[in-house]
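Each chain is listed here by its residues.
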Amino acid sequence: MNRTVLNCGYVPLVDSAPLIIAHELGFAAEEGLELNLIRQPSWSALRDMLGLGHLDAAQMLSPLPVAMTMGLGGLSAQIDTLMGLSANGTVFGVSKQLSHTLSPIEFGNPKSLLAQLEARGPRPLRVGVPFPFSMHRLLLSYWTASAPNLVVESVTVPPPRMAEAVAEGHVDAFWVGEPWGSDIVSRGVGDIAMAGSHVWGFAPEKVLAARHDWTENNPETAQKLMRAVYQASRWLDLEQNKPLAVEILGRSEHLNLAHEVIEPAVTGMLTLSAGAAPTHVSQFLMFHDHAASFPWRSQAAWIAKQLGADAAGIALAMTCCRTDLYRKYLGPIGADLPGASEKVEGAMNEMTAVASLRGQMILAPDAFFDGNTFDFSADTAE
Amino acid sequence: MRKDLRILVVEADRAKAENIIDALQDAGWSELHAISHVSGLEHSIEEHAPDIVLIDMANPDRDTLEHIGAVSNTRSRAVAMFVDQTDPHLTQAALAAGVSAYVVDGLQMNRIKSVIETAIARFQMMRKMQSELDAAKQALEDRKTIDRAKGILMRRRSIPEDEAYKLLRKAAMDQGRKVIDVAQALVTASDLLA
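From a predicted model like this one, the values you see are computed outputs, not experimental measurements.

Asker: Could you clarify how one ought to interpret helix H3 (residues 43-51) of chain A in this entry?
Answerer: For the α-helix, the turn length of 3.6 residues means that residues three or four positions removed from each other point alike. By the criterion of burial, H3(A) is predominantly enclosed, with nine of the nine residues buried. Turning to H3(A), its buried residues are Trp43(A), Ser44(A), Ala45(A), Leu46(A), Arg47(A), Asp48(A), Met49(A), Leu50(A) and Gly51(A).

Put into structure tokens, the structure is as follows:
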């Protein structure tokens, strides 16, 4: 049987795992697909390659399809979010230099951390983030917006260079995805102060994206791709597969990272400071469980709102999320489907069973650190 | 056309940067600057106020450049060249050659066209040189492996060099493989058995 070859872009991070596993464990081959995984040096390069048709599909930062569709920053194009690739998985931390001037930081307490940072004086806090249109930057600005006296300058630093930027004092703090937070800690130049999930309990991190016209013109291929990635994500979140996942990711040519730097993300056991015992962070990085792969339209709405969109922009952003395709293509292979494609973001403080096709959907806590909730169905219902 | 555009080249490799600068100079532009390290990018943009920034597509610092453009509210409002899709052919050519250009303050596309074209030509030339260099290196490596394989055969079978090579070639033809692959297999096996 001839396989359809699909050019698929990714940036080498632990959360590109669903694409790598789909390729390496044959989930793509089972669908008759050959994933030609093409490593990209930067998010802007990946965006341009996808937008200009050199890539069929790509791993993307969740805000990127929204930004591109809204025409923000660089190349604009109508991009579909086919499904989620991961939720959470980022960390915020401060340089050793800065942490020495603060009182001991209590891990995972965004409010007290913010108060400490605010109290350190009027000097701007320079924070390294991977890209302007990243969940890292949006969470940073959402979190720090509640501290009016804190001036934050976000600085874009390619993640592999983040440790160097922290060491050289180019940035005071960092918000980065694994393995680069652990990289900073292991080099002894900074400490992890909280996970992204402490600011937003269940934030969409990476998504599977494709040009809207590609999705429309290649329905069968899109379906195969989504099914392969869905199977890979499900495999990744099964507890018994984690050691093997670390092993496969470690030896795949795609990540080129040592086992020990992949492990913290996959297991959620993070070392917060050089020499300290690892701390378990629950739901550190999710690929499948708790509907992590469902492209909630309300999440796109939240992203659009943070990017300054008005009601029309928010409505447009919501159309990026192809919940219709997710239902149509993944329902038949057993994906549990929520009753609605939007939810009130931030409303859940604990595990909550929700109405779904198979009646087995349990959503994980998705609270914001400030207790606010966002109900976009009211804004867009017409 | 006036050749007074200020152009900033971001390239870590000094030789490459000079190469691009030379090409642009030959094409008639004179206000040219090159920087190698991106940590100075913000400062360089303020200092030189470039009209265009040229950067290799493969450079991870592209993201940083893009951010400076997105947040800066001064004159240095960088806009990715690919924003302007009035000339898709040029955009495709730039992409294929691995050049990213950032138009800093909204120039007319026809003014930057020749800059980009010069840069594309130079990037393509450098890419070709790189692949020729890689090919030459590979050929040298292959030659060494084949020589080792010949040496093994000469010792084991007490035959002269030309016969050893004939033997390799025959084995390759019989198996439908390349001579280098047969040589590699022989060298590997010999190493294992040594």
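Here the narrative resumes, following the displayed structure.
Asker: Quick question: what am I supposed to make of the sheet that holds strand S2 (residues 33-39) of chain A here?
Answerer: Two modes of strand pairing occur in sheets, parallel and antiparallel, and in both the strands are linked by backbone hydrogen bonds. Residue and element names in this part refer to chain A. If you trace the six strands from one edge of the open sheet to the other, you get S2-S1-S3-S10-S4-S13, paired in mixed fashion. The sheet is open, and its two edges are formed by S2 and strand S13 (285-286), each paired on a single side. Here seven bridges tie strand S1 (residues 4-10) to S2, and the two strands are oriented parallel to one another. Its bridge partner being in S2, Val5 is matched across the sheet by Glu34. In the packing of H3 onto the sheet, the strands contacted are S1, strand S3 (57-61), strand S4 (79-88) and strand S10 (204-211), and the crossing angle to S3 comes to about 140 degrees.

Asker: When you look at the interface of chain A and chain B in this model, what are you seeing that I'm missing?
Answerer: With 25 residues of chain A at the contact, the number on the chain B side is 21 residues. Across the chain A to chain B interface the summed buried area is about 1800 Å²; carbon plus sulfur atoms make up 55%. If you look at where chain A meets chain B, you find three salt bridges. A salt bridge links Arg47(A) to Glu66(B); the nearest nitrogen and oxygen atoms lie 2.2 Å apart.

Asker: Can you walk me through the pattern of salt bridges in this structure?
Answerer: Two side chains with opposite charge may pair up if their charged atoms get near one another. Per the stated rule, a full pass over the model turns up 27 salt bridges over all chains. Across the salt bridge formed by Arg6(B) and Asp51(B), the nearest N and O atoms sit 3.6 Å from each other. Of this pair, Arg6(B) sits in the segment before strand S1 (7-10) while Asp51(B) is found in the loop between helix H2 (41-48) and strand S3 (52-56), placing the two residues 45 residues apart along the sequence. Looking at Asp51(B), the relative accessible area reads 6%, which means it is buried. With a shortest N-O distance of 3.6 Å, Lys144(B) and Glu141(B) are connected by a salt bridge. Of this pair, Lys144(B) and Glu141(B) both sit in helix H5 (residues 109-157), three residues apart, which is roughly one turn of the helix. Judged by relative accessible area, which is 47%, Lys144(B) ranks as partly exposed. A single network of salt bridges, built from pairs that share partners, joins Arg47(A), Asp48(A), Arg62(B) and Glu66(B).

Definitions and limits used
- Residues numbered from 1 in each chain as written.
- Chains lettered and ligands numbered in written order.
- Predicted model: local features only at pLDDT ≥ 70, side-chain atom pairs only at ≥ 80, totals over all residues.
- Heavy atoms only, no water.
- Buried < 20%, exposed > 50% of the residue type's maximum accessible area, 1.4 Å probe, protein only.
- Helix = DSSP H or I, 4+ residues; strand = E, 2+ residues; numbered from the N terminus.
- Pairing = 2+ DSSP bridges.
- Contact = heavy atoms within 4.5 Å.
- Axes fitted to C-alpha atoms, helices over the stretch in contact; angles between N-to-C directions.
- Buried area = accessible area lost by both parts, 1.4 Å probe.
- Salt bridge = Lys/Arg side-chain N within 4 Å of Asp/Glu carboxyl O.

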